Amino acid sequence: MATPLSHPQRRPPLLRQAIKIRRRRVRDLQDPRAQTAQELEPPSHHLSPEERALLYEEALYTVLHRLGQPEPSHVREASELLQYLQEAFHVEPEEHQQMLQQVQKLEKPIFCLKATVKQAKGILGKDVSGFSDPYCLLGIEQGVGVQGGSPGSRHRQKAVVKHTIPEEQTHRTQVITQTLNPVWEETFILEFEDISNSSFHLDMWDMDTVESVRQKLGELTDLHGLRRIFKEARKDKGQDDFLGNVVVRLQDLRCREDHWYPLEPCTETYPDRGQCHLQFQLIHKRRAPAASRSQPSYTVHLHLLQQLVSHEITRHQAGSTSWDGSLSPQAATILFLHATQKDLSDFLQSLAQWLAYSRLYQSLEFPSSCLLHPITSIEYQWIQGRLKGEQREELTASFSKLLAYGLSLLRKFRSVFPLSVPDSPARLQSLLRVLVQMCKMKAFRELCPDSAPLPRLVTETLRTGTVEWFHLKQQHHQPMVQGMLEAGKALLSLVQDIIADLHQCQHTWNKIFQNTLKVDLFSMAFLELQWLVAKRVQDHTAVVAGSPVSPEMGESLFQLYVSLKELCQLGPGPAERDGVLALDGFHRWFQPAIPSWLQKTYSVALARVQRAVQMDELVPLSELTKHSTSAVDLSTCFAQISHTARQLDWPDPEEAFMITVKFVEDTCRLALVYCSLIKARARELSAGQKDQGQAANMLCVVVNDMEQLRLVIGKLPTQLAWEALEQRVGAVLEQGQLQNTLHAQLQGALAGLGHEIRTGVHTLAEQLEVGIAKHIQKLVGVKESVLPEDAILPLMKFLEVKLCYLNTNLVQENFSSLLTLLWTHTLTVLMEVAASQRSCPLASSRLKIALQNLEICFYAEGCGLPPAALHTDTFQALQRDLELQAASSRELIQKYFCSRIQQQAETASEELGAVTVKASYRTSEQKLRVELLSASSLLPLDSNGSSDPFVQLTLEPRHEFPELAPRETQKHKKDLHPLFDETFEFLVPAEPCQRDGACLLLTVLDHDTLGADDLEGEAFLPLRSVPGLTGTEEPGEVPQTRLPLTYPALNGDPILQLLESRKGDREAQVFVRLRRQRAKQASQHAPRPGQ
């Protein structure tokens, strides 16, 4: 019957598939132009069918002749191990049974216990000196079952080994003199037949030599030593002292044991006799399988390790998982048993593991980190002399092949470790760590002394791999259709791939190579790739420059230019370079395409603006966003233009200035075009509208759109980086040229937008001005019976409705502008109406209240116009006029005297003369006492150069003091400095004296016998300042008051003019007539300049 082992070409399906995948992957990574066919084939780890059969026999033999208790993590059942071997070697069940029967018929091996006596501690001191001279006797007792470790079962003869084990089977260690902690480190091979009834015995003795009493007394150190001397005197001369023993059943041992065992006594005299450190290993001799008889143990173990690890990897791949380097319990158990039974050293096991894993890594997929453990183990145990020649050659070849294979993976690291696979960086780092650790090994340095330093090898490999990757990418992007446009697109795609690769190198790969090998992958890759890119871009642009640049070609060149800029920005700065880069000055290759780029930018933006306006329904976007969709699209257009300018960022300063001028010019032109288009759109939409409110809505949206446009235009200096441009062009442009050019363009555009906005706002204001004027006119025509507060309600409701509507539909800036226009117009209308109602206090009162309420309305609790904008000169003049016009005649007369009192207080000059008085008020008598003392420096009004002065005293205003007649002093002839010294008393209550405007009017006259008296001047003494009026106490010493004389205003007083206009008011007319008379008199004798 045919079996898999009988066909040399047949392999297990999973294994064949894994090998094919691995070989295909390696083949894809190689460059056929640089590699030979021999390099494409990974080193084979597969055995011939004959070798596999022998190895299978060896493995079965190992499991069938297993010794010792299993390790905790190992598989206990032999059937499970045999089933695993059948799967690992891909043996059919029938053939497995046949092979198993053949192995069972083979001769059993010689079972041996490899015992190592390491050391002891805390043993008894039997000599006089307090120490002992210990040695051990050991052997295996067969055919007797011993209770392992139970002290109560060992009450047998003292010298177990001497008396129960034949002398030829007894082994003895060296004697360690004078110590309680001896160290032997001696190994013995003890054969046995049946593990179930065999026991290991070790007796520890103290070697005694024949000494004289004098010698022993010389070694005496304490009383215990003296007692030992007496004890030795009773025993036979030269008899050794028993120190303790160790008895272990072999069937209780694991394949390998390493323990401290207590030394057991035969009596209870000294129960604590110390401990002995022993190592045990159950091994085979004379194994029957052909592999063990024909090949070194190390080689057989290496082949078995390769076979089982290959099966582990293949099994994981079949389950779509990656092997993590951990062996299954079955594989670990079998390998452990084989290495133990063959008595392989730890070093040879590590060497076999390294050779197996390094070979398998080159053909099967598993983590390279699995190689670190054998590297560390070999490095720790390395002694070159312990290797045979064949082993040295194998190890040297494994180093060279793994290094070459690792470098081949690094050359293609972009495809072998793609970032699309999450664990690729970790796998690459693991591979580099393996290579670094391998090259640092003493074994590698001794066996491969001619190998170049790893960083140099990796650098050259990466440089070669980068160039190969570039050529592969260039070939990948080769266009199917030959043409300049297609070639440009292919070149653009190539540059973008290079940028993406450099980003990956910079952010991911470079950190790994730098941290592991101090290799700067990014700088090396950048220098190589930029040189390759520069050559191809320069060739392409040179061909394109020979013909007109079409829009499509211009767009392709622009994208290529932007990509090259991004590529250059990845590289080192000028200060960090060692030399000139091939891409330095690459912008000059694209200079012929600049006009095409600028025209394309403007054309695209213009088309987008036209399309946006045509689709705009002139409806606000939301309650908070009051402009329409076209304004948003326009902002996006301008942002795109600014983005294009930033992308271009032309290096040459003078040309960059001209490009920026063009961008600003196109942007401003687009703004004005938009204004024309949006107004035309508003006329188009409102043409069929009968609702005037809808038309007003659209007008509000148009104004808001223009305001939004103005805000966007105002950001041009920031978006186009004028400040940075000014610093760059400062050395090549005349001073002020940038200011005169760019800023002039911007200010012109902003002025045009401002004019358009003002025009729109003015149109909205005109629609309201008519209504405001009508309501103000109606206000003064309301019946007298209607209260002023009620009369202004229609005006306030009208403004509330209209202004709320406009506030909702206009942005704050335009609404404030509208309020300013309306406020100015409203003040003008109020001024006109107030002028026509000067003689009507009732109408003026209503206008006054209207002005107050309008001020509150336009201020709107801080949300409208600020106080500075409200309180204009016109407002203040109107407020004063209405205050006067709304007052009664008596209130006006009172205001007149208030103004004269103020004039009196501000007059310091005595060019008309002065009067001196003393005035006081006695509250108890309600009497005002006035002492007129004198006058001085009067004007000579008579022809003789003198005057005949007298003073007339009246309490003003007359309507406050109707019962008090004027008083006069005596007349003094020809005296410009008369001394009157006269006293007058007025019986008057205190209350009227304390009111505003209440005063004592002192009129100094020149007496004429034939004609009317001439006016020397007037003085006003405010009554509220008279002592005694403000308190309850009577005045004491009354001070003198000197009052300069004044004249009435020669040009007329507004209060008098207002009173004069009230023709039907007799009191007003009488008062005006008297004041006019005094003004006339004053005008006849007013002093001339220089007199």
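Residues numbered from 1 in each chain as written. Predicted model: local features only at pLDDT ≥ 70, side-chain atom pairs only at ≥ 80, totals over all residues. Heavy atoms only, no water.

Enquirer: Teacher, can you tell me more about the overall build of the chain here?
Expert: A tally of helices and strands in the chain yields 38 helices and 16 strands. Relative to its full complement of 1091 residues, the chain shows a buried share of 47%. Contacts spanning at least 24 positions in sequence make up 78% of the contacts within the chain whose residues lie at least 6 apart. For the chain, the exposed area adds up to about 53,400 Å²; of that, 51% sits on carbon and sulfur atoms. (Helix = DSSP H or I, 4+ residues; strand = E, 2+ residues; numbered from the N terminus. Buried < 20%, exposed > 50% of the residue type's maximum accessible area, 1.4 Å probe, protein only. Contact = heavy atoms within 4.5 Å. Areas by Shrake-Rupley, 256 points an atom, 1.4 Å probe, with all protein chains shown as cover.)

Enquirer: Whenever I open this one, the sheet that holds strand β14 (residues 999-1006) confuses me. Can you help?
Expert: Paired through their backbone hydrogen bonds, the strands of a sheet run either parallel or antiparallel. In space, the four strands of this open sheet follow the order β12-β11-β14-β15, with antiparallel pairing throughout. Of all the strands in the sheet, just β12 (967-968) and β15 (1014-1022) have a single pairing partner and so form its edges. For strand β11 (residues 949-956) and β14, the ladder comprises eight bridges, and the chain directions are antiparallel. Bridging across to β14, T954 finds its partner in L1001. Helix-sheet contacts for helix α35 (residues 889-906) involve β11, β14 and β15, and the interaxial angle to β15 is about 95°. Relative to β15, helix α38 (residues 1066-1084) is tilted by about 125°, and along the sheet it contacts β11, β14 and β15. (Pairing = 2+ DSSP bridges. Axes fitted to C-alpha atoms, helices over the stretch in contact; angles between N-to-C directions.)

Enquirer: Sorry if this is basic, but what is going on with the pattern of salt bridges here?
Expert: What the rule picks out here adds up to 41 salt bridges. The partner of K600 in a salt bridge is E555, with the nearest N and O atoms 3.5 Å apart. Here K600 is found in helix α22 (residues 594-615), whereas its partner E555 is found in helix α21 (residues 551-570), with 45 residues between them in sequence. Judged by its relative accessible area of 32%, E555 is partly exposed. (Salt bridge = Lys/Arg side-chain N within 4 Å of Asp/Glu carboxyl O.)

Enquirer: Explanation requested: the pairing of strand β13 (residues 979-987) in the structure shown.
Expert: Residues in a regular strand point their side chains to alternate faces of the sheet. Residues F980, E982, F984 and F986 of β13 are buried on one face, while the alternating residues L979, D981, T983, E985 and L987, pointing to the opposite face, are not. Relative to β13, strand β10 (residues 927-936) runs antiparallel, the two sharing seven bridges. By the bridge assignment, V930 is partnered in β13 with F984.

Enquirer: Mind showing me how you'd approach the side chain of T179 here?
Expert: Among the secondary structure elements, T179 is positioned in the loop between β3 (171-172) and β4 (183-192). Residue classification places T179 among the buried residues on the basis of a relative accessible area of 14%. Looking at T179, its side chain comes within polar contact range of the main-chain nitrogen of N181, at 2.9 Å. (Polar contact = N/O pair within 3.5 Å; in protein donor to acceptor, adjacent residues only side chain to side chain.)

Enquirer: How do you make sense of the packing of aromatic side chains when you look at a structure like this?
Expert: Geometry of an aromatic ring pair is reported as the spacing of the ring centres plus the angle between the planes. Summed over all chains, the structure comprises 25 aromatic pairs. Aromatic side chains F347 and W382 sit 6.3 Å apart centroid to centroid with 50° between the ring planes, which places their arrangement in the tilted category. Of the two residues, F347 sits in helix α12 (residues 346-361) while W382 sits in the loop between α13 (372-381) and α14 (389-411), which places them 35 residues apart along the sequence. For W382, a relative accessible area of 8% corresponds to the buried category. With 6.3 Å between their ring centres and 40° between their planes, F590 and W597 make a pair best called tilted. Assigned by exposure class, F590 and W597 land together as buried. By way of ring pairs, the aromatic residues F558, Y561, F586, F590, W597 and W650 are connected into one cluster. A cation over an aromatic ring shows up here: K121 above the ring of W260, its NZ or CZ 4.2 Å from the ring centre. For the cation-ring pair, R669 lies above Y602, with the distance from its terminal atom to the ring centre recorded as 4.5 Å. (Phe/Tyr/Trp six-rings, centres within 6.5 Å; stacked < 30°, edge-to-face > 60°. Lys NZ or Arg CZ within 6 Å of the ring centre and 35° of its normal.)

Enquirer: So what exactly am I meant to see when it comes to the sheet that holds strand β8 (residues 275-285) here?
Expert: The strand order β4-β1-β8-β7 describes an open sheet built from four strands, whose pairing is antiparallel. Of all strands in the sheet, those with a lone pairing partner are β4 and β7 (256-262), marking the two edges. The mean inter-strand angle of the sheet, taken between neighbouring strand axes irrespective of direction, is 20°. As defined by bridge partners, strand β1 (residues 110-121) adjoins β8 across eleven bridges and the pair is classed as antiparallel.

Enquirer: Could you clarify how one ought to interpret unusual backbone geometry in this entry?
Expert: Both trends apply: most residues other than glycine have a negative phi, and most peptide bonds are in trans. A cis amide bond, omega -5°, links E956 with the succeeding residue P957. Note on placement: P957 falls in the loop between β11 and β12. In the Ramachandran plot, D649 falls in the positive-phi region, its phi being about 40° despite a non-glycine side chain. Relative to the helices and strands, D649 resides in the loop between α23 (629-648) and α24 (653-686).

Enquirer: What is the right way to read the packing of helix α3 (residues 49-64) against helix α5 (residues 93-105) from this model?
Expert: The geometry of a pair of packed helices is captured by two quantities: the angle between their axes and the separation between those axes. The interhelical angle for the contact between α3 and α5, taken along N-to-C directions, is 60°, at an axis separation of 10 Å. Overall, the two elements α3 and α5 adopt an arrangement that is oblique. By crossing handedness, the relation of α3 to α5 is classed as right-handed. Listed contacts from α5 to A53, Y56, E57, L60, Y61 and L64 of α3 are H96, M99, L100, V103 and Q104. Its residues assigned to classes, the contact of α3 with α5 shows eight nonpolar, two polar and one charged. (Parallel < 35°, antiparallel > 145°, perpendicular 65-115°, else oblique. Left-handed = near helix turned anticlockwise from the far one by under 90°. Nonpolar A, V, L, I, M, F, W, Y, C, P; charged D, E, K, R; others polar.)

Enquirer: Just to check I follow, could you spell out helix α19 (residues 484-517) for this structure?
Expert: Side chains three or four residues apart in an α-helix point the same way, a direct result of the helix having 3.6 residues per turn. The sharpest bend along α19 reaches about 50° and sits at W509. Immediately downstream of α19, the backbone of K518 shows phi near 60°, a positive value. (Bend = angle between axes of the 7 residues up to and from the residue.)

Enquirer: Got a minute to help me understand the packing of helix α28 (residues 737-780) against helix α30 (residues 793-809) in this structure?
Expert: Between α28 and α30, the least distance of the axes is 9 Å, while the angle of their chain directions is 165°. When the axes of α28 and α30 are compared, the pair comes out roughly antiparallel. When the axes of α28 and α30 are compared, the crossing they make is left-handed. Along the contact surface, α28 presents L768, G771, I772, H775 and I776, while α30 presents P794, L795, F798, L799, K802 and L806. For the contact of α28 with α30, a count of residues per class yields eight nonpolar, two polar and one charged.

Enquirer: What am I meant to see in the environment of K518 here?
Expert: Within the fold, K518 resides in the loop between α19 and α20 (521-544). Relative accessible area serves as the criterion here: at 68%, K518 is assigned to the exposed category. In this structure the C-alpha to C-alpha distance between K518 and P455, which are 63 residues apart in sequence, comes to 7.4 Å.

Enquirer: How do you make sense of the confidence of the model for the chain when you look at a structure like this?
Expert: In low-pLDDT regions, the fine details of the predicted coordinates are not to be read closely. The pLDDT averaged across the chain works out to 83; a share of 89% of its residues lies at or above 70. The low-confidence segment residues 1-44 (pLDDT under 50) makes 60 contacts with residues lying over four places distant or belonging to another chain. (pLDDT = per-residue confidence, 0-100.)

Enquirer: Looking at this model, I keep getting lost on the environment of C370. Mind explaining?
Expert: Summarising the element assignment, C370 is placed in the loop between α12 and α13. Put simply, C370 and S430 are 60 residues apart on the chain and 9.3 Å apart in space, counted from C-alpha to C-alpha. C370 has contacts with W323, D324, G325 and Y357, leaving out every residue within four places of it along the chain.

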